[in-house]
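So the chains spell out like this:
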Amino acid sequence: FTTLLYTIKFEHVIAMPRFGGAPKCHVCEKSVYMAEELKALGNIYHKTCFKCGHCKKALTSGMEVEHDSVAYCKNCYGKHYGPKGVGGGATAGCLQTEDEKPAVSKFKNTHEGGSKVVISNQEKCHTCEKTVYAAEKMVVLNKIFHKVCVKCKACNTTLPAGSVLEHESEIYCKTCHAKEFGPHNKV
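Owing to the predicted nature of the structure, the values given are computational and were not obtained by experimental measurement.

Thoughts on the overall build of the protein chain
Right, on to step 1. For the protein chain, the helix and strand inventory stands at 3 helices and 10 strands.
Right, on to step 2. Sorting the 187 residues of the protein chain into buried and exposed places 25% on the buried side.
Right, on to step 3. In the structure as shown, the protein chain presents an accessible area of about 14,200 Å², 55% of it carried by carbon and sulfur atoms.

Here is the structure:
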């Protein structure tokens, strides 16, 4: 026989045992100890009990939505309690309930061209003269290269950004630059 005290915290009532023990989980009503405690929506949960009330996926604190004291993921909340008849494209599945028909767009694609997309002002690699995209771009000596096209003129080794040396607008590694253009011992 245990007598419970009730503590009001953030306008919610949290059940606390009167003589020691731990607070109770909002879902399973079992004791929640500090190592397994998760606080969300003004309640205390076991980390494993903090799940979406509909799809049962684990929730992350701060990424949940509450309805009638039940936590939901944003997708399930949108499907079941969100606005009706709103949205399209990426959000249509989240906002439409099972009994609604999908909305048909009144806008039609009038573009008669082919499916090929042309991007103007493409940057070309100084070495291979092919298009250079942002993920593979390296600027050396104010010229644009693919990362794999930055090579020593003498030994053809691919060079990282910090190890490029220049002589007469040509790229060299440190070793080849020293051999070709460094001080020579003339006896």
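Structural notes on the packing of aromatic side chains
Right, on to step 1. Counted under the stated rule, the structure contains 4 aromatic pairs.
Right, on to step 2. Seen from their ring centres, Y77 and Y81 are 5.8 Å apart, and the 40 degrees between their planes marks the pair as tilted. Placement of the pair is Y77 and Y81 together in helix α1 (residues 74–81), with a separation of 4 residues, close to one helical turn.
Right, on to step 3. For Y81, a relative accessible area of 33% translates into the label partly exposed.
Right, on to step 4. One aromatic cluster in this structure is built from Y72, Y77 and Y81.

As for the confidence of the model for the protein chain
Interpreting fine coordinate detail is not advised for predicted regions of low pLDDT.
Right, on to step 1. For the protein chain, the mean per-residue pLDDT works out to 75, and 67% of the residues sit at or above 70.
Right, on to step 2. Mean pLDDT values for the elements of the protein chain range from 46 in helix α2 (residues 92–95) up to 89 in helix α3 (residues 174–181).
Right, on to step 3. Confidence over residues 7–11 falls short of pLDDT 50; this stretch has 7 contacts with residues more than four positions distant or in other chains.

Regarding the pattern of salt bridges
Right, on to step 1. Across all of its chains, the model carries 2 salt bridges by this definition.
Right, on to step 2. Among the salt bridges present, the one from E37 reaches K39, with a minimum N-O distance of 3.8 Å.
Right, on to step 3. A relative accessible area of 47% places K39 in the partly exposed class.
Right, on to step 4. Across the salt bridge formed by E123 and K137, the nearest N and O atoms sit 3.0 Å from each other. On the criterion of sequence distance, the pair formed by E123 in the loop between α2 and β7 (137–140) and K137 in strand β7 is long-range, its members being 14 residues apart.
Right, on to step 5. Residue E123 is classed as partly exposed on the basis of its relative accessible area, which comes to 32%.

The rules behind each value
Residues numbered from 1 in each chain as written. Predicted model: local features only at pLDDT ≥ 70, side-chain atom pairs only at ≥ 80, totals over all residues. Heavy atoms only, no water. Helix = DSSP H or I, 4+ residues; strand = E, 2+ residues; numbered from the N terminus. Buried < 20%, exposed > 50% of the residue type's maximum accessible area, 1.4 Å probe, protein only. Areas by Shrake-Rupley, 256 points an atom, 1.4 Å probe, with all protein chains shown as cover. Phe/Tyr/Trp six-rings, centres within 6.5 Å; stacked < 30°, edge-to-face > 60°. pLDDT = per-residue confidence, 0-100. Contact = heavy atoms within 4.5 Å. Salt bridge = Lys/Arg side-chain N within 4 Å of Asp/Glu carboxyl O.

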